[in-house]
Amino acid sequence: MGNVQNLKGKKIAILATNGFEQSELVQPRDELIKQGAHVDILSIDNQTTITAWDEDNWGDKVNVDAQVSSVTSSDYDALILPGGQINPDVLRTNDAAVSFIKSAYSEQNIKAIGAICHGPWLLVEAGLVKDKQLTSFPSIKTDLINAGANWKDEEVIQDGKLVTSRNPNDIPAFVEAIAKLVA
């Protein structure tokens, strides 16, 4: 990791469901906690645990702290949207998840919304990508462009409070960019 920020007193939400890419939730969560942040895992459908996808098979279970429908975006300083193919595809059909992302974007308290890999699909669904500089996993590049984004193949791109990255190799830069905005 590059610069370590003091994130004491900061609350960060990670929104995910079954099929999230394990490294894209676990690594940012652990690194942000190490920097002093409180991190809540939010999910849908009254799940108390969610199961990761770990490269090519099911991975670890992660405990859910709250349902996205039971919290408000103003409770948080940042929102992270991990990828994996399954996770964002399920979440983008969930009204509570999409509403939370929209409200997080307009919420003054929220300093960063990070989306990695396939996570930017959720930014498309929430209508947040038009005229924004973004990156993503290459397979959803066309979806982002069709939704009006200016897509670039870079490790991390910040446009306002939006922070996007391509894949698990980009996690150190991704976390650093989010932590800087939140600190």
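Shown above is the structure to which this text applies.
Quick caveat: nothing in here was measured; it's all calculated off a predicted structure. (Residues numbered from 1 in each chain as written. Predicted model: local features only at pLDDT ≥ 70, side-chain atom pairs only at ≥ 80, totals over all residues. Heavy atoms only, no water.)

Draft legend 1. How the structure looks around the pairing of strand 3 (residues 49–54). Direction of pairing for strand 3 relative to strand 4 (residues 57–63): antiparallel, over a ladder of 5 bridges. Within strand 4, the residue paired with Thr51 across the bridge is Lys61. Between strand 3 and the antiparallel strand that follows it, strand 4, lie 2 residues; Glu55 among them carries a positive phi value of about 65 degrees. (Pairing = 2+ DSSP bridges. Helix = DSSP H or I, 4+ residues; strand = E, 2+ residues; numbered from the N terminus.)

Draft legend 2. Structural detail: the pattern of salt bridges. This model, assessed by the stated rule, comprises 6 salt bridges. For Asp30, the salt bridge identified is with Arg29, shortest N-O distance 2.9 Å. By relative accessible area, Arg29 is classed as partly exposed at 21%. The residue Arg92 makes a salt bridge to Asp89 at a minimum N-O spacing of 2.9 Å. Under the relative-accessibility criterion, Arg92 is labelled partly exposed at 26%. One continuous salt-bridge network, built from bridges that share partners, spans Asp153, Arg166 and Asp170. (Salt bridge = Lys/Arg side-chain N within 4 Å of Asp/Glu carboxyl O. Buried < 20%, exposed > 50% of the residue type's maximum accessible area, 1.4 Å probe, protein only.)

Draft legend 3. Representation of unusual backbone geometry. For Cys117, which is not a glycine, the phi torsion comes out positive at approximately 65 degrees. Take Cys117: its relative accessible area is 6%, and that puts it in the buried class. One non-glycine residue, Asp131, lies in positive phi territory at about 65 degrees. Tracing the backbone shows Asp131 in the loop between helix 4 (120–125) and strand 8 (133–134). We classify Asp131 as exposed; its relative accessible area is 61%.

Draft legend 4. Region of the structure containing the environment of Ala16. In this fold, Ala16 is placed in the loop between strand 1 (11–15) and helix 1 (22–34). On the accessibility criterion, Ala16 (0% relative accessible area) is buried. Residues in contact with Ala16, not counting those within four places in the same chain, are Leu25, Leu42, Ser43, Ile50, Pro82, Asn87 and Leu91. (Contact = heavy atoms within 4.5 Å.)

Draft legend 5. Main features of the sheet that holds strand 7 (residues 112–116). The strand order across the open sheet formed by 7 strands is 5-2-1-6-7-11-10, and the pairing between neighbours is mixed. Edge strands, defined here as strands with exactly one partner in the open sheet, are strand 5 (66–67) and strand 10 (156–159). For strand 2 (residues 38–43) and strand 5, the ladder comprises 2 bridges, and the chain directions are parallel. Bridged to Ser43 within strand 5 is Gln67. Sitting on the sheet, helix 3 (residues 95–106) is in contact with strand 1, strand 2, strand 6 (78–81), strand 7 and strand 11 (162–165), with an inclination near 135 degrees to strand 6. Packing of helix 6 (residues 171–182) onto the sheet brings it into contact with strand 6, strand 7, strand 10 and strand 11, and relative to strand 7 it is tilted by some 170 degrees. (Axes fitted to C-alpha atoms, helices over the stretch in contact; angles between N-to-C directions.)

Draft legend 6. Geometry of the packing of aromatic side chains. In total, this model carries 2 aromatic pairs according to the counting rule given. Judged by centre distance (5.0 Å) and plane angle (85 degrees), the ring pair of Trp53 and Trp58 falls under edge-to-face. Judged by its relative accessible area of 24%, Trp53 is partly exposed. Relative to Phe100, the ring of Tyr76 has its centre 6.4 Å away and its plane inclined at 75 degrees; by these criteria the two rings are edge-to-face. Here Tyr76 is found in the loop between strand 5 and strand 6, whereas its partner Phe100 is found in helix 3, with 24 residues between them in sequence. Of the residues examined, Phe100 reaches a relative accessible area of 4% and is grouped as buried. For Arg92, the ring lying beneath its charged end belongs to Trp121, and the centroid distance is 4.4 Å. Above the plane of the ring of Tyr105 lies Lys161, whose end atom (NZ or CZ) is 5.9 Å from the centre. (Phe/Tyr/Trp six-rings, centres within 6.5 Å; stacked < 30°, edge-to-face > 60°. Lys NZ or Arg CZ within 6 Å of the ring centre and 35° of its normal.)

Geometric values such as these leave the question of function open.
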